[in-house]
Structures are given as structure tokens and as C-alpha cells.
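Summary of structural features
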Amino acid sequence: MNGGGRLLAGGVETSSPIWLAPLAGVTTRTFRAFHRAMGAGLVHTEMVSALGLSYKNKRTRDLLGDENEQGPVVLQLFASNATELAKGAETAMKARRFDALEINMACPMPKVTKKGAGARLLENPDEAARMVLSLKQFGLPVWVKLRKTDAEGTKAFCAALAVSGADLLLLHGRTLAQRYDGAADRGIVGEIAKIFPGMVAASGDYYEPDDAARYLDDGCVAVLAARGVLRDAFLIPRTLLRLGYPLDEKMEKFANPSARDQTEAILSIGKMGVTVEGERFTLVLARRMIAGMFKGFSGASALRRACSECRDWASMEEILTGFAL
Ligand SMILES: Cc1cc2nc3c(=O)[nH]c(=O)nc-3n(C[C@H](O)[C@H](O)[C@H](O)COP(=O)(O)O)c2cc1C
């Protein structure tokens, strides 16, 4: 896929087919803003408990962010059944505007699956279909993130979702049993994309620009950047360059960032993160990102070590600023 322009996918207009995946504990408002600036066409919240929203849990509510955020932003919810899901969605819709509502049918974590939510729903196509229907009342596109099962099972499940009115299927080519291990099955993702044209976004093993290009060549409308952006914070601009998307000056710089550009990027995370999510979270996020940055620059491992020992943002800021001079 080449060229620029806007892309209409799953009822949402986006600026590029490379999207930030939902990542629990990571895709906070600051992380989302960072990757929007890197050229992500769309960003996801992390998965949010529909039940937690209905119980007016403050920490759950905080995951929604606020209206001032630049979109498109997709809210991902998890729930065990349609009633619980619709109640949570109603609370969320009162809190702020979103561009699409997404149901998590992919999470493999026992604390989610043991309640019948996340990837456990793959075994319950009737409830999954009811869940899609229950969100249609809100007038937003309804998306489902799911995992593969076997080939026939995946096709039948996707067909049930499509018939119920799902606008987009975001398919991760790993089974529930695999969790995040082993290779993602690109074949099944491509096959489903051919059966449901214009309706499939891909997830799984996107670490290099070519990985995303292959999914798009196979007919997927978009690709989710997940662990790839934890390893390389600049994967999205590199990919957009590879795909021939027009980059603004800032993004072009980040497609091949100098040590100073990388420092600036982390400092921008810190500046926003400390205010929005607090210092503790920001330090953890910054360390995680720095672990994959500054590769090939002299002094990089000493810098990473020094940052890993910082106990407050002011000292990390000082170390980073000193490194870029
Ligand atoms: C730390 C972490 C948190 C995740 N949280 C979510 C989540 O909240 N919702 C979801 O649908 N998927 C979640 N995922 C799955 C990713 O969105 C993605 O589908 C998966 O990592 C496969 O892509 P990859 O192989 O390119 O990393 C998470 C993955 C990781 C590693």
C-alpha cells in the first residue's frame, strides 16, 4: 500500500493504517499522545472493565482520559456478557466522546477469562453476538478484537460477529493457549481479510516496517503496533516512511532519530506523564521505553543503567538532557 491521504476503516476516518494497539498498563493518555505525534492513525485506550465503570470505580474512570485528547480514540471494554457491557459503555459515553467502541475478546489473562470475558468469549459465539448488538444503540462503530481459534472456528466466529453488525474485526493470529508466545499466524489473518474485505485489522508480530507492509498487502485495512513500539518507540514513523506516507518534518526526523531526537521524545513523555499519570508511572514507562532506545549511540548502556536507577523524574530529566548535549 502506498501514498497518503485519509483512510476510512471500520466507520472511522484515520490518517494512516498503522494504529496503536490497546496495551494494559501502557496505552495511557500520555503514551497515546506520543504515538499520535509519531503518526499513529488511531489510538486505543487500554482495556477497561465495563463492570468497574458501572460501579463508578475512580481508577477505572481515569483510564478513559478526557475530551481534550486528539482522536481518533477507540475505547476498548471487557465484560462477560451483553448487559454488563452495555451498562459500562453507557457510563463511558457520558464521560467523554470516543470514535468507536471495541469489545475485548482477546485477553488471555486468567483474571479476565475466568469470568467468561476476554478470549473466553471465543467459546460463546451467541453471547459475543449479543454483545455486538448491545453496543449498536450508542450509534458508534462497534469493533471486536479477537484471537484466532482453528481455521473453521475463526471463520464462523467472525461471520457471527459480522452478521450482528460488527464494523471491524481486529484479529490477533495467536490462540488463547498461546497467550503471547510462539509466532503469530499471519496466514489466517490474511485469509479472514479476504473473506471480510475492508473489515479486518491485523495484530501479531509487527516488529519491523515490512511486517506491517505484508499484512496490508494481504488485504488488512490496518495493523496494530503493540510490543513493537515497546521495543522501538520510533517504529511507526519508520513504517510510514516505508509505506510511502507523507511525513511532516517532526515525523520525518523520528523515522531516523538522532540521540537528541530520542532524548526530546522521552522528555516529552515525562513532561506530560508527570502531570497526567503521576511520577511513579512515568518513571516506569520511560525506563521501559529507554530500554529499546539509543541503540548504536556511544554511552547508551551507561545511560540506560543510570536511568534505571533514577528515583524521581527530575534526576532522569537531568541525565537525559546531559546525554543529548
Ligand atoms: C503488555 C501488554 C498489554 C496488552 N493489553 C491488551 C489490552 O488491554 N487489550 C487487548 O485487546 N490486547 C492487549 N494486548 C495484546 C496486544 O494488543 C497485541 O494484540 C499483542 O501483543 C500481539 O501483537 P504483537 O505480537 O505485535 O505484540 C496486550 C499485550 C501486551 C504485551
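Remarks on the pattern of salt bridges
The final tally for this structure, using the stated rule, is 20 salt bridges. A salt bridge links Asp 205 to Arg 174, with the shortest nitrogen-to-oxygen separation between them at 2.4 Å. Here Arg 174 lies in the loop between strand 9 (168-172) and helix 8 (186-195) and Asp 205 lies in the loop between strand 10 (200-203) and helix 9 (209-217), a separation of 31 residues in the sequence. Between Glu 264 and Lys 253 there is a salt bridge; the shortest N-O distance is 3.4 Å. Taken together, the residues Glu 264 in helix 13 (residues 259-276) and Lys 253 in helix 12 (residues 249-255) connect sequence positions 11 residues apart. By relative accessible area, Glu 264 is classed as partly exposed at 37%.

Some thoughts on helix 15 (residues 300-309)
Of all the positions in helix 15, only Ala 300, Leu 303 and Cys 307 are classed as buried. End-on, the buried residues of helix 15 take up no more than an arc of 60°, which puts them together on one face. Helix 15 presents Arg 305 and Glu 309 as exposed residues on the side facing more than 90 degrees away from its buried surface. The inward-facing, buried residues of helix 15 contact helix 14 (279-290) and helix 16 (313-324).

Section: the nonpolar core
Counting residues in each nonpolar core, the largest one holds 107 residues, and the members touching the most others are Trp 19, Leu 146 and Leu 161. Counting residues per element, this core draws most heavily on helix 14, which supplies 5 residues. In terms of nonpolar packing, the next biggest core, distinct from the first, is built from 5 residues, Met 47, Phe 78, Cys 107 and Ala 117 among them.

Focus on the pairing of strand 8 (residues 142-147)
Strand 8 sits mainly inside the fold: 6 of its 6 residues count as buried. Burial along strand 8 is two-sided: the residues Val 142, Val 144 and Leu 146 and Trp 143, Lys 145 and Arg 147 are all buried. Two strands pair when backbone bridges link them, and strand 7 (residues 100-105) and strand 8 are joined in this way by 5 bridges, in the parallel orientation. Bridging across to strand 8, Ile 103 finds its partner in Val 144. Of the crossover connections in this fold, the one passing from strand 8 over helix 7 (residues 151-163) to the parallel strand 9 is right-handed.

Describing the site of the ligand
Around the ligand, 17 residues are found, and the nearest of them are Ala 24, Gln 76, Ser 203, Asp 205 and Arg 227. Between the ligand and Arg 174, the relevant distance is 3.1 Å, taken from an oxygen atom to a side-chain nitrogen or oxygen of the residue. Contacts to the ligand include Tyr 206, whose backbone N or O atom sits 3.4 Å from an oxygen atom. Burial of the ligand by the protein chains amounts to 91% of its free accessible area of 610 Å². Per-class residue counts for the shell around the ligand are 8 nonpolar, 5 polar and 4 charged.

A closer look at the domain arrangement of the chain
Partitioning the chain into domains gives domain 1 (7-251) and domain 2 (257-324). Between the C-alpha centres of domain 1 and domain 2 the distance comes to 28 Å. Contacts between the two partners involve 13 residues from domain 1 and, on the opposite side, 16 residues from domain 2. Overall, the association of domain 1 and domain 2 removes approximately 1200 Å² of surface from exposure, summing both partners, and the carbon and sulfur fraction of that is 73%. In this structure, the connection of domain 1 to domain 2 is made through 0 salt bridges. Sorting the residues of the side of domain 1 that touches domain 2 by element identifies helix 1 (29-37) and helix 10 (227-231) as the ones contributing at least two each. The element contributing the most residues to the side of domain 1 that touches domain 2 is helix 1, with 5 residues. A per-class count over the side of domain 1 that touches domain 2 returns 8 nonpolar, 3 polar and 2 charged.

Definitions and limits used
- Residues numbered from 1 in each chain as written.
- Predicted model: local features only at pLDDT ≥ 70, side-chain atom pairs only at ≥ 80, totals over all residues.
- Heavy atoms only, no water.
- Salt bridge = Lys/Arg side-chain N within 4 Å of Asp/Glu carboxyl O.
- Helix = DSSP H or I, 4+ residues; strand = E, 2+ residues; numbered from the N terminus.
- Buried < 20%, exposed > 50% of the residue type's maximum accessible area, 1.4 Å probe, protein only.
- Arc of directions from axis to C-beta.
- Contact = heavy atoms within 4.5 Å.
- Core = buried A, V, L, I, M, F, W, Y, C linked by side-chain atoms within 4.5 Å.
- Pairing = 2+ DSSP bridges.
- Right-handed = clockwise from strand over helix to strand, strands pointing away.
- Near = heavy atom within 4 Å.
- Polar contact = N/O pair within 3.5 Å; in protein donor to acceptor, adjacent residues only side chain to side chain.
- Areas by Shrake-Rupley, 256 points an atom, 1.4 Å probe, with all protein chains shown as cover.
- Nonpolar A, V, L, I, M, F, W, Y, C, P; charged D, E, K, R; others polar.
- Domains from an automatic or database assignment.
- Buried area = accessible area lost by both parts, 1.4 Å probe.

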